[in-house]
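# Overview (structure and organization)
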Amino acid sequence: MSILRIRCRLFARYAELLGRDEVTVELPAPAVVSDAVRRLRDVLPEGRLLPERPLVAVNQRHVLPGEPLADGDELALFPPLAGG
Amino acid sequence: MSILRIRCRLFARYAELLGRDEVTVELPAPAVVSDAVRRLRDVLPEGRLLPERPLVAVNQRHVLPGEPLADGDELALFPPLAGG
Amino acid sequence: MPYCTTSVIDLAALIDAVAGPECGGIATFVGTVRCGEDDGPVRHIEYSGYEEMIEAEFAGIAAEARARWPRTRTAARHRIGIVLLGEASIAVVVAAPHRAEALDACRFMIEEAKRRLPVWKKEVLQGGEAVWRDNTGRRVPSGGGPRDPD
Amino acid sequence: MPYCTTSVIDLAALIDAVAGPECGGIATFVGTVRCGEDDGPVRHIEYSGYEEMIEAEFAGIAAEARARWPRTRTAARHRIGIVLLGEASIAVVVAAPHRAEALDACRFMIEEAKRRLPVWKKEVLQGGEAVWRDNTGRRVPSGGGPRDPD
């Protein structure tokens, strides 16, 4: 069974809440975005402050929670957007 | 029978076509805008160059050809508008 | 503040006139004299208008916009006289607390201005010939030519 | 040309960048930091963003606009960092041969920017307290507070 290394980035309030803006998680393949989010909620101190279904981008592209992940992907977790 | 004196103004291409930008006509009351336009087409040299139903304003307000006229009104005849 | 001007339109000044701390969005539209591929070689445009009525109509359009979108602040100008290629002939500026109001009111004002302002334009071509041009894009030679459609 | 900037947004420069003799209309939208009656006393706003992705998203939005309205030319900026009351946080500028294309594309771009740009804002109140504010208008105290809705 292969392992996916996913670089997870936290932005704005999420980075503030968890006191960090980056963490790498390893997941058994195959995995989708929501698997990585669940892992973050489980393993990070204060991880439960993250929502179960945050806005997410993979490799700088907005995606849905069912998006498959590949080894080396960057997963970004976004609080509600506030641009403009 | 009372008489309405209507000050008629011609703008842009209409003024150019008829070589004048103003003429006063007298009409028997009651009269509407289209009566005044018909009179202009009848009495002015080159008056037939004016359309039978031009854009019109009475006292600086856009109106339809059936608009009643009152003594002293100003009637403006407009070529198709080109503002903006 | 008059809506007609014979000077270059200063968009920044119009924006300054409507901006304020309670406004979150400013929408503008600027119409410029163009010389596109489907046009002949235009040297400049001469705008003429019934200026007192332009003032009345533009004031009415602004009042209608503020009645429909009460929290908007508006400014507008139409240039009269010779306008060179690329210069602005009209500008509409609307500030509002939220963007939808600003965008909707700006569009309303430019559409109504096009429809209602008593303004005419004569294109002066590179060779010196002049043609009247209406808002349907139809050209009519200056000084004669076919009658308007009845 | 980067879409993110930490400097004051220069609307005139953006307009100059898209204007041209083939363009007959220029539509712009500028979003400004406001302090309206329903807001608390805001001192300034701190915008932060995922800058590489803002560049990618804004470039995508502009490309989509040009695909849908092929004759448009576009320019846009989002400011990052401290933005004072009344200053612009975002500007979108669209030039086109005809006004409908310019207005439609401008609106499309600002709506998509609001929806897609990875940008966040923290309001710093007069007393120094900071609150995160999302685009629904909801305030969340900085550093804690309730979870986002799932």
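Owing to the predicted nature of the structure, the values given are computational and were not obtained by experimental measurement.

## Describing the interface of chain A and chain D
Each partner contributes to the interface: chain A provides 27 residues, whereas chain D provides 34 residues. Taking both sides of the interface into account, the surface hidden between chain A and chain D amounts to around 2400 Å²; carbon and sulfur atoms contribute 55%. Among the residues chain A hides against chain D, the three largest losses belong to R13(A), Q60(A) and G84(A). Together they make up 28% of the total. Our count for the chain A to chain D interface comes out at 1 salt bridge. E16(A) is the salt-bridge partner of K122(D), the closest N and O atoms lying 2.7 Å from each other. Counting the contacts that link chain A with chain D gives 14 residue pairs in polar contact (both at pLDDT 80 or more). Of all the secondary structure elements, the ones that give two or more residues to the side of chain A that touches chain D are α1 (12-18), β4 (61-63) and β5 (74-78) of chain A. Within the side of chain A that touches chain D, the residues separate by chemical class into 14 nonpolar, 4 polar and 9 charged.

## Describing the interface of chain B and chain C
Listed as interface residues are 27 residues of chain B and, on the opposing side, 35 residues of chain C. Between chain B and chain C lies a buried interface of about 2400 Å² when both sides are counted; carbon and sulfur atoms form 55% of it. Considering only the side of chain B, the residues that lose the most area to chain C are R13(B), Q60(B) and G84(B), jointly responsible for 28% of the buried surface there. Our count for the contact surface shared by chain B and chain C stands at 1 salt bridge. Where chain B packs against chain C, one counts 14 residue pairs in polar contact (both at pLDDT 80 or more). Counting only elements with at least two residues in the side of chain B that touches chain C, the list comes to α1 (13-18), β4 (61-63) and β5 (74-78) of chain B.

## What to know about the packing of helix α2 (residues 51-68) of chain C against helix α3 (residues 99-116) of chain C
Packed helices, taken two at a time, are described by the angle their axes make and the gap between the axes. Residue and element names in this part refer to chain C. With their axes 10 Å apart at the nearest point, α2 and α3 run at an angle of 150 degrees to one another. In terms of orientation, α2 and α3 fall into the roughly antiparallel class. As α2 packs across α3, the resulting crossing turns out to be right-handed. Of the residues in α3, those in contact with E57, F58, G60, I61, A62, E64, A65 and R68 of α2 are F108, M109, E112, A113 and R116. Considered class by class, the residues forming the contact of α2 with α3 number 7 nonpolar, 1 polar and 5 charged.

## A word on the arrangement of the chains
Looking at chain A next to chain C, you find no contact at all, with the nearest C-alpha pair sitting 9 Å apart. The two partners chain B and chain D share no contact, and the minimum distance between any of their C-alpha atoms is 9 Å.

## Comments concerning unusual backbone geometry
The residue after A29(A), namely P30(A), is reached through a cis peptide bond having omega -5 degrees. Mapped onto the fold, P30(A) is located in the loop between β2 (22-28) and α2 (33-43). Despite not being glycine, E46(A) has its phi angle at roughly 65 degrees, a positive value. Along the polypeptide, E46(A) turns up in the loop between α2 and β3 (55-58). Under the relative-accessibility criterion, E46(A) is labelled exposed at 52%. For Q60(B), which is not glycine, the phi dihedral falls at a positive 70 degrees. With a relative accessible area of 26%, Q60(B) lands in the partly exposed category.

## Digging into the pattern of salt bridges
A full pass over the atoms with the stated rule returns 36 salt bridges over all chains. The salt bridge partner of D104(D) is R107(C), with a shortest N-O separation of 2.6 Å. In this pair, D104(D) is assigned in helix α3 (residues 99-116) and R107(C) in helix α3, connecting two distinct chains. The network of salt bridges with common partners includes E57(C), E64(C), E112(C), R115(C) and R116(C).

## Considering α3(D)
Helix length check: α3(D) (18 residues) gives 25 Å between terminal C-alpha atoms against 26 Å at 1.5 Å per residue, within 8%. Burial in α3(D) covers these residues: E101(D), A102(D), L103(D), A105(D), C106(D), F108(D), M109(D), I110(D), E112(D), A113(D), K114(D) and R116(D).

## Some remarks on the pairing of strand β8 (residues 130-133) of chain C
Regular strands show a simple pattern: their side chains alternate between the two faces of the sheet. Residue and element names in this part refer to chain C. Alternating residues of β8 divide into A130 and W132 and V131 and R133, and every residue in both groups is buried. Of the pairings in the sheet, the one linking strand β7 (residues 119-125) to β8 comprises 4 bridges and is antiparallel in character. Note that in β8 the partner of V124 across the bridge is A130. Connecting β7 to the next strand, β8, in antiparallel fashion are 4 residues, including G128 with a positive phi near 105 degrees. Sheet analysis places β8 next to strand β9 (residues 139-141), joined by 3 bridges and oriented antiparallel. By the bridge assignment, V131 is partnered in β9 with P141. If you look at the hairpin formed by β8 and β9, you'll find 5 residues sitting between the two strands, and G137 has a positive phi there, around 90 degrees.

Cut-offs used in this document
- Residues numbered from 1 in each chain as written.
- Chains lettered and ligands numbered in written order.
- Predicted model: local features only at pLDDT ≥ 70, side-chain atom pairs only at ≥ 80, totals over all residues.
- Heavy atoms only, no water.
- Contact = heavy atoms within 4.5 Å.
- Buried area = accessible area lost by both parts, 1.4 Å probe.
- Salt bridge = Lys/Arg side-chain N within 4 Å of Asp/Glu carboxyl O.
- Polar contact = N/O pair within 3.5 Å; in protein donor to acceptor, adjacent residues only side chain to side chain.
- Helix = DSSP H or I, 4+ residues; strand = E, 2+ residues; numbered from the N terminus.
- Nonpolar A, V, L, I, M, F, W, Y, C, P; charged D, E, K, R; others polar.
- Axes fitted to C-alpha atoms, helices over the stretch in contact; angles between N-to-C directions.
- Parallel < 35°, antiparallel > 145°, perpendicular 65-115°, else oblique.
- Left-handed = near helix turned anticlockwise from the far one by under 90°.
- Buried < 20%, exposed > 50% of the residue type's maximum accessible area, 1.4 Å probe, protein only.
- Expected span 1.5 Å × (residues − 1).
- Pairing = 2+ DSSP bridges.

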